[in-house]
Every structure is written in C-alpha cells, then in structure tokens.
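Single-letter residue listing:
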Amino acid sequence: MDYSLTLDGVTKRFGAMVAVDHISMAIPRGTIYGFLGPNGAGKTTTIRMVMSIIYPDEGQIRILGEENAEAVKDQLGYLPEEKGLYKKMKAGEILAYFGRLKGMHGPAARTKAAELLERYGLGEWQDKRCEALSKGMGQKVQILATLIHDPELVILDEPFSGLDPVNVELMRDVILQMKRDGRTVIFSTHVMEQAEQICDAILLVNKGKKIIDGPLATVKAAGGRAVMLDYDGDGSVLRGLPGIARVNDSGKQAEISLLEGADPQEILGRLVGHLTIRRFDVREASLHEIFVKAVGGKADA
Amino acid sequence: MRSKSLLVANREYVENLRTKMFWVGILFFPIILVLSIVVPRWLEGRKDVRRYAVLDRSGFLLERIEERSAMPDLEKVFREAVLRQIKGKESLAVFPASVQAVAAAIGQSLCEQAEGGTNDAALALMNQEDFRKGMRDFASLISGEPGSRMQQLLSNPLFKQAAAELEKFRAEIQQWWRSLPPKEAKEFGSDLSKSRYQRIDDGASGEITEETLNLKVADNDLFAYIVIPEDPIKGEQQFKYVSRNLTDEDLREWFARYANDELRERRLEQESIDRTTADWIQKPVDFEKKQVSKQGKEEEIAKEDIALKWAPVVCVYLLWIAVFSISQMLLTNTVEEKSNRILEVLLSSVSPLQLMSGKIIGIAWTGLTMVCSWVLSFVALVKFMPALMGKDLGVNLLQAASDPLLLTSFIVYFLLGYLFFAAFLVGIGSVCNTVKEAGNLMMPVSVLLMLPLFSMIPVGQDPNGTLAKFLSYIPPFTPFVMMNRAGGPPSLTEYVVTSILLIVTIVLVFWAAAKVFRIGILMTGKPPTPLEILRWIRAPIGQVPARKQE
C-alpha cells in the first residue's frame, strides 16, 4: 500500500519524562486520519517530530517517502495548535507570503491568495491589515495559509480548537475537499466527536502510548454496542439498570454502554414510567466511550 | 534553500520600512545635523537686546568706549552697503542717502581698481587686506577718532573718493547712527553689537545713584549696570558690574575690551611711550604649529586636520546608536514574532536557521538603509549647505569629515558590529516570551555595548596608544574602537588582523545563536538560565536537553 506517512517505534523523551513512547502508525494516501487523545498525550510532540521541528530519540519516520520532512516541506501543509498572523501585514500579502515560503512564484502566490480569499468570503479584506480582522476571519486566513500551495499532505494540530461554529464548518469542508482532491489529511484533536464525523482511520494515544488504532469502522465495531438516550426527568434511575457497563449521563442525554449480550428492549422497558423518553437509539459505542473504556481498562489491569 | 532566507529577509525589510521608528531613525541624523548648524545661529540672531546703564565717574571714558565700540559696527554696516551696492540689490534703499552716497563712492573705486572692472573681481578685492585695513580706518574716522587716519585713507586708492564724500556726510552719518534704534540695526548688518547691547542713557546726570539702578536690575528693567571709577587710568579703583545673570558675561567682556583698549592708549600717552614699542613689548610668543607626514615631511596643520582627528569620535557615537537601535529592533521583532505565535507556522516552511538568517539579513538591510541614508544626507548637506546658508558655517570642517576612509569604515563597521550583536540578541529574543524578559537578559549585552562609549575620548586622544590597540583586539569592541582610531589611522595589518578576529568570532557566535534559536523559539514558559543556554549550545542539533525540574 502507498503510505503518506509511517512512524515506526518513534520515541521522544524530555529528561525523565517520556512524551512519546514507541508510537507506530501507517497512513495511506488520500485518507483523513485522526490523531486522538487527551491533552498532554504527546500529540503535538509527535506532530513536531513528523515536521522535523524536533527529532525523535528512537524510531523512524518516513514522510512522503523521505526520512526528513525538510526535503518535502513544500508539499506539506501544517497548521500548528499555536498559530498567529503578522498583525501589520495585509491579509492578501500574508497569504501570498506563506505561499512563496512554500516555493510558489510571486505572481502565482498573489493570484491564488486573492482567489482563496474571494472564495471564502474575505475578498474585501484582502488589503486590510491582519490586526483589523476579527478573530474568526483571522482563523480563516490561517486555515487558508495551510493550503494555498496545494499540499500533498496536510497536518493540522487541533484544527477545531477555538474556532467559532462557522469556521468549524469551514474547516470540515476544507478537510473533506482535500480528501476529494486525493490529498492526505492528518489532524489531532482531543474532541472525539469531531474525529468520529470525518475520519477514515484513527489512532488513540494516552500518556505517549498507543491505545487503539485502525480504520474507524473496525475500531467502532470492536467497541461494542450502546444506547443513545434523550430524556427528561431524574437520571439517577439509569445507574441501577442491569447489563450495562457504564453510563455517561449529561442530564438531558446519556450514552449507556451495554455489556455483551444485554437486551436493549429490557432496558427500555425499565425506563418507561421513570423518564420521559424522547429518543432511544441502539448503535455502536461512541469513540468517547471506547476511549474511556480503553484507558479505564488499562488502569484497572 | 537560500532563497527562503531572502524571502524572510525581504518581508522583514518591507515591514520595517512601514514602521514609524524606521523613518524616525532615517531622519534623526540629518535633522540633528541641520539643527546643530542652524539653531546656534538662530539663537544668536534672537538674543534679546541687553539693556544696560553706565555710571561714568571719570567723565571721559564712557564716551570713548562708545566711539570705539561703534567702529566694528560701522565697518560691518559699510561693508554691507558696499556689497549691496556692487551687487545692485534693491535692499540698498534701506540705508540713508548719506550712507548710500559714501558706499557708492567706495563701490566705484573698487570697480575701477578691479581687474576687468567686473563685479566678481570687485567682490574679490573686498577680501584683500588693503581693503579691510582701509575699512577699519574709515570706520574710525566716522566714529570720531581724529588724527592721521585721514592721511592714511587718502593714500589708499580704494578710499580716496570715499574720503572726500565722507567729509560731506560725516555729521549726518554720525547723527543717523546715534539715533538708530537697536531693534532696527539688524537690517543694516549681521551680528552688530548695537543690536545686542543698548545703553540706557540716564547715567550721565548726577542724580542717578547705584541704589536706583539696583532696583532697576532687580525689576529686570536693566540687564546690568557698570560703574566706571573716578580715575580709571590710574587703575587703582575697581570697575563695578552689577547683574542678576551670573552666566552670560558677554556684555561685561564686550565692554571691558573697549575700556582696556582705551585705557592702554591713554597710559601710553601719559608715559610718552610709542604705541608700536608698546605693542612690541607685549608681543606674546607665537607658535607655528606643524605636523609631520609619514615621509617625515613638515606639513601645515589646517583646521580640517584637527577636525579629522575628532570626527571619528562623532562617528563612534553614531555607530553606537545605529548598532544599538538596529539590533534592539531585531530583539523586539523576534520576541513579538514569538508572542504572536507565528513562528511554528513559519517553521513548517523554513528551517530555524533559514528563519534566523532571514531575520538577521532583513534587519541588516534596514540598518544599512538607515546608515547609508545618514552618510548620503551628510555628503549632500556638506555639498549644498554652503549654497543655501552662506559660507562660514564651519562647513569646511564637515568637509574634512567626509573622508572616504571614515565613511567606508563607518558602513563596514556598522555591518560587522551589527552582526556580532545581532547573533546575541536573536538568541536572547528566541528564548523570551515578552519584551520585559528580554530586557533582563539584555543587561549583560548592554554593558558590553556601553564600554566602547567610555573609552571613546581616551582612544580618540591617543588613537595608536596601548589602550586603543588592546581594545581593538577584543571582538565586541573592535568595530567601535577601530572606528574611533580612524584619525590615527591604524596600520593595514591591524585592520586585517582585527577584522579576521572579529569575523571568526561572529561565525562562532552565529553557530551558538543558531543552536539556542532552534530550541528557544519553540519554548514557552520561564526563560532559561545562562547555564541552561550553555547546555543547549553543547547539545547536538535536534536534541532538547531536559530542563531541571524544581
């Protein structure tokens, strides 16, 4: 298979702390790959190693067929978690500048910058300084800066964090569009729902170690079944149900992970009379539940 | 690879051109230069008229002083009138008819005596000693000194005609001069003492006492008053000068000069001593100052040579300002970029080394633009200032300073000095998150930068002395001290050896700075200690040495 990125036993230590502990993964071309885990799991460190900003202590990285990202930098798009713009530069200028840094020619970069800004509704802001842009518009410009040079592989570190709902949608569309164009997208997030919506495959990490990986469908299939419940009333009754592994109760909504062989009908029967049920949905467990279960299971073992 | 650094440099440069600070920097030097020439002159012109009174108890001295002090003024006034006459300026009309008539006579003689009778030749004649001397005699005649002067004047072909005219108009001119208000005197010549000092004429009658004058001085009605003792010739009694202003002694010195001249003359007369004999007795030792060239030949010392010895000191100061402000720019720039969180985005496109060198190059361009504009505006000013403002500005001194060795070494040493400190500051900037943190780490570097300022004067006095030579070999000081020594100048070997030493050090500092930059630029939180930075420098590239946990 043709891989955009492979990691083989990559390890990074900061003194006594092991930030990334023997992580391996292989990401096929043209997929959307989710790199999931809570804060401090080692996602950013891994991504920085992939970008050759820092180097691993052990293990191998191959990116677009090269060992060092420096060689293929111009084919990479990278959106770090910490991102900003030059306040005094105009929106069009800064986009073109990033394009040129990626090896585009001046005129081509300027045309592309104008085109992108126009397409994403920032046409009239092209000649405005970045300090004049609203936060949301600034985010848009940052996103556009990652893809102005039509990269082969795009790496997004927590791309959704801090975005307003409109830009979350934009980000999602951009990611899907890149997939349609045959590009590979890797993004990290600590919000499982986002990954669940668009990823082809995922890798779950915790404390620098790999928990689960694989195509999303496989991971979900192995995660067991769960009931998605929307209700009104006193949720305390949920805890006493038989045949359940865990309840994640948010007050109006709950996800109930079922044990092997449990009968959803029986659960429904028990709940009727105690709660006003608005939705009762039997399906695969969410990534969130799978993650909690995996991490919790390890802790117990 | 290289072009990416240039892209970064280019952006840096363009952005700097847009800042106000840059333009302030560009304009700073020419403005200072122009002001330093114009302001003193303007202030001179704006000085208030000093009102003073004199109590003359001798009964004769004041009148003679007035006559004497009027002489230089009248000389200037007539010189101005003659100038306007020859140039055919309309402003000649402000002079009274009597002055015009006399000036016309002098002008005519000048034109007749001048070769080819051209105006330029006539103007050239005005700078001859003959004319100057005639002018002095002429002025003293008007102000009332009797005697042999008329004879001398008649024997001077330039003034023969004018002397005749003067006979006719003398009383009229005297009358005009005496009644001319000081405020209006300015129109008839620059720098006249009449427009500076105005004697209030009430000390003549006996009823004015020192007490009433004291009150007037206290009220600022009078700037000062002077009491001449009964017998100044005898010289036993003191003159008295009363004023509230203790710093401006011009008036007293001006008055004393003419009083001394007059008293000296009177004493000589009283003792029947010939004036030329007296001059001879008082003649001071006169030195002829010479310098020796490298070939051992004696040479004249021009004012320009002295200026050239001190011009480097001014250059060092400017060099220092330029290096300091431009590398400071680099520091704040790096810190801002870091706090802007734009660095990591950049690092996905360029390597840390490219980023660092790009920044350093970009700001070097900015600095060079500034420094070159200084040099150019200096050269332009030296060229055009005399045409705009007239000569006698000490511009020839400035001309001496536009020596190519000086100007070239200024630009070269700016670049080298900047590169040295740039490497330090970019390293510091990369590990700091706020300008304030950077300020703390800057301290040792600032102290290092300060030292050449302290050594500026001693090195300037003895540009090839031990201290100067010693400091030249210490790389951080090399640019400043070598600049300072340009008046020496140092030998070629010294130039070569110190430059090599400096360049090698710059390379080393860059290497260290690059390692610190790589690590520091992605670091957040507390800035590292100097020890930590040392560990970073020693660690292999790509490794981040662990921070000690507290």
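What counts as what
- Residues numbered from 1 in each chain as written.
- Chains lettered and ligands numbered in written order.
- Predicted model: local features only at pLDDT ≥ 70, side-chain atom pairs only at ≥ 80, totals over all residues.
- Heavy atoms only, no water.
- Helix = DSSP H or I, 4+ residues; strand = E, 2+ residues; numbered from the N terminus.
- Rg over C-alpha atoms; globule rule 2.2 N^0.38 Å.
- Buried < 20%, exposed > 50% of the residue type's maximum accessible area, 1.4 Å probe, protein only.
- Contact = heavy atoms within 4.5 Å.
- Areas by Shrake-Rupley, 256 points an atom, 1.4 Å probe, with all protein chains shown as cover.
- Lys, Arg positive; Asp, Glu negative; His and termini not counted.
- Charge placed at Lys NZ, Arg CZ, Asp CG, Glu CD.
- Axes fitted to C-alpha atoms, helices over the stretch in contact; angles between N-to-C directions.
- Parallel < 35°, antiparallel > 145°, perpendicular 65-115°, else oblique.
- Left-handed = near helix turned anticlockwise from the far one by under 90°.
- Nonpolar A, V, L, I, M, F, W, Y, C, P; charged D, E, K, R; others polar.
- Pairing = 2+ DSSP bridges.
- pLDDT = per-residue confidence, 0-100.
- Domains from an automatic or database assignment.
- Polar contact = N/O pair within 3.5 Å; in protein donor to acceptor, adjacent residues only side chain to side chain.
- Buried area = accessible area lost by both parts, 1.4 Å probe.
- Salt bridge = Lys/Arg side-chain N within 4 Å of Asp/Glu carboxyl O.
- Core = buried A, V, L, I, M, F, W, Y, C linked by side-chain atoms within 4.5 Å.

A tally of regular secondary structure across chain B gives 23 helices and six strands. Over its C-alpha atoms chain B spans a radius of gyration of 34 Å, topping by over 25% the 24 Å that the globule rule assigns to 550 residues. Counting only C-alpha atoms, chain B reaches 100 × 65 × 50 Å along its principal axes. Evaluated residue by residue, chain B yields a buried proportion of 47% over its 550 residues. Partitioning the contacts of chain B with sequence separation of at least 6, the portion at a separation of at least 24 is 71%. Working note: accessible area of chain B is about 28700 Å², and carbon and sulfur atoms make up 59% of it. With 63 positive and 63 negative side-chain charges, chain B shows a spacing of 11 Å between the two charge centroids.

Residue and element names in this part refer to chain B. Packing of helix α17 (residues 404-431) against helix α22 (residues 492-520) leaves a shortest axis separation of 7 Å and a crossing angle of 25 degrees. When the axis of α17 is compared with that of α22, the two are roughly parallel. In this structure, the crossing between α17 and α22 has a hand that is left-handed. Residues Leu-405, Tyr-413, Leu-416, Leu-419, Phe-420, Ala-423, Phe-424, Val-426, Gly-427, Ser-430 and Val-431 of α17 lie in contact with α22, whose contacting residues are Tyr-495, Ser-499, Leu-502, Ile-503, Thr-505, Ile-506, Val-509, Phe-510, Ala-513, Val-516, Phe-517 and Gly-520. In the contact of α17 with α22, the residues fall into 18 nonpolar, five polar and no charged.

Before going further, it helps to spend a moment on the pairing of strand β2 (residues 17-28) of chain A. Sheet faces and side chains relate simply in a regular strand, where the side chains alternate between the two faces. All names here are of chain A. Of the strand pairs in this sheet, strand β1 (residues 3-14) and β2 are connected by eight bridges, and their pairing is antiparallel. Residue pairing for β2: Val-10 is matched across the bridge by Ile-23. In sequence, β1 turns back onto β2 through a hairpin of two residues, with Gly-15 there showing a positive phi of about 65 degrees.

Per-residue pLDDT for chain A averages 86, and the proportion of residues at 70 or more is 98%. The lowest-confidence element of chain A is helix α9 (residues 287-300) of chain A, averaging 70 in pLDDT; the highest-confidence one is helix α2 (residues 91-101) of chain A, averaging 92.

Turning our eyes to something else, we now look at the sheet that holds strand β10 (residues 225-232) of chain A. Residue and element names in this part refer to chain A. On the basis of which strands lie adjacent, the open sheet formed by four strands has the order β11-β12-β10-β13 and antiparallel pairing. Lying at the two open borders of the sheet, with one neighbouring strand each, are β11 (244-249) and β13 (276-284). Taking the axes of each pair of neighbouring strands and ignoring which way they run, one obtains an average angle of 20 degrees across the sheet. Judged from the five bridges that link them, β10 and strand β12 (residues 253-258) form a sheet pairing that is antiparallel. Paired with Asp-230 across the strands is Gln-253, a residue of β12. Contacts from helix α8 (residues 264-271) reach β10, β11, β12 and β13 within the one sheet, and its direction differs from that of β13 by about 165 degrees.

Our focus in this paragraph is the domain arrangement of chain B. Here chain B is partitioned into domain 1 (2-34 + 303-538) and domain 2 (45-274). Each of domain 1 of chain B and domain 2 of chain B has a C-alpha centre, and these two points are 54 Å apart.

So, on to the side chain of Ser58(B). Residues and elements named next belong to chain B. Looking at the element boundaries, Ser-58 is found in the loop between β1 (50-56) and α3 (61-87). In this structure the side chain of Ser-58 is engaged in a polar contact, spanning 2.6 Å, whose partner is the side chain of Asp-56. A polar side-chain atom of Ser-58 sits 3.2 Å from the main-chain amide nitrogen of Leu-61. When residues no more than four places from it in sequence are discounted, the contact partners of Ser-58 are Ile-228, Pro-229, Glu-230 and Pro-232.

Once that is clear, we can look at the interface of chain B and chain A. The interface is formed by 25 residues belonging to chain B together with 31 residues belonging to chain A. Here chain B meets chain A over a buried area of about 2800 Å², counting both sides, of which 54% is carbon and sulfur. Here chain B is connected to chain A by three salt bridges. Linking chain B with chain A are ten residue pairs in polar contact (both at pLDDT 80 or more). Looking at which element gives the most residues to the side of chain B that touches chain A, the answer is helix α1 (residues 2-17) of chain B, with five residues. Its residues placed into classes, the side of chain B that touches chain A shows eleven nonpolar, six polar and eight charged.

Core analysis: the largest hydrophobic core is formed by 165 residues, its most contacted members being Ile63(A) and Leu346(B). Counting residues per element, this core draws most heavily on α17(B), at 15 residues. Those residues in contact with Leu346(B) that sit more than four places away from it in its chain are Tyr86(A), Tyr97(A), Phe98(A), Leu101(A), Glu337(B) and Leu355(B).

In this section: the packing of helix α6 (residues 129-143) of chain B against helix α8 (residues 160-179) of chain B. All names here are of chain B. Contact geometry for α6 and α8: axes closest at 9 Å, N-to-C directions at 40 degrees. What the angle tells us is that α6 and α8 run oblique. Considering how the two elements wind past one another, α6 and α8 form a crossing that is right-handed. Contacts between α6 and α8 pair Phe-138, Leu-141, Ile-142 and Ser-143 from the former with Ala-162, Leu-166, Arg-170, Ile-173 and Gln-174 from the latter. Of the residues contributing to the contact of α6 with α8, the split by class is six nonpolar, two polar and one charged.

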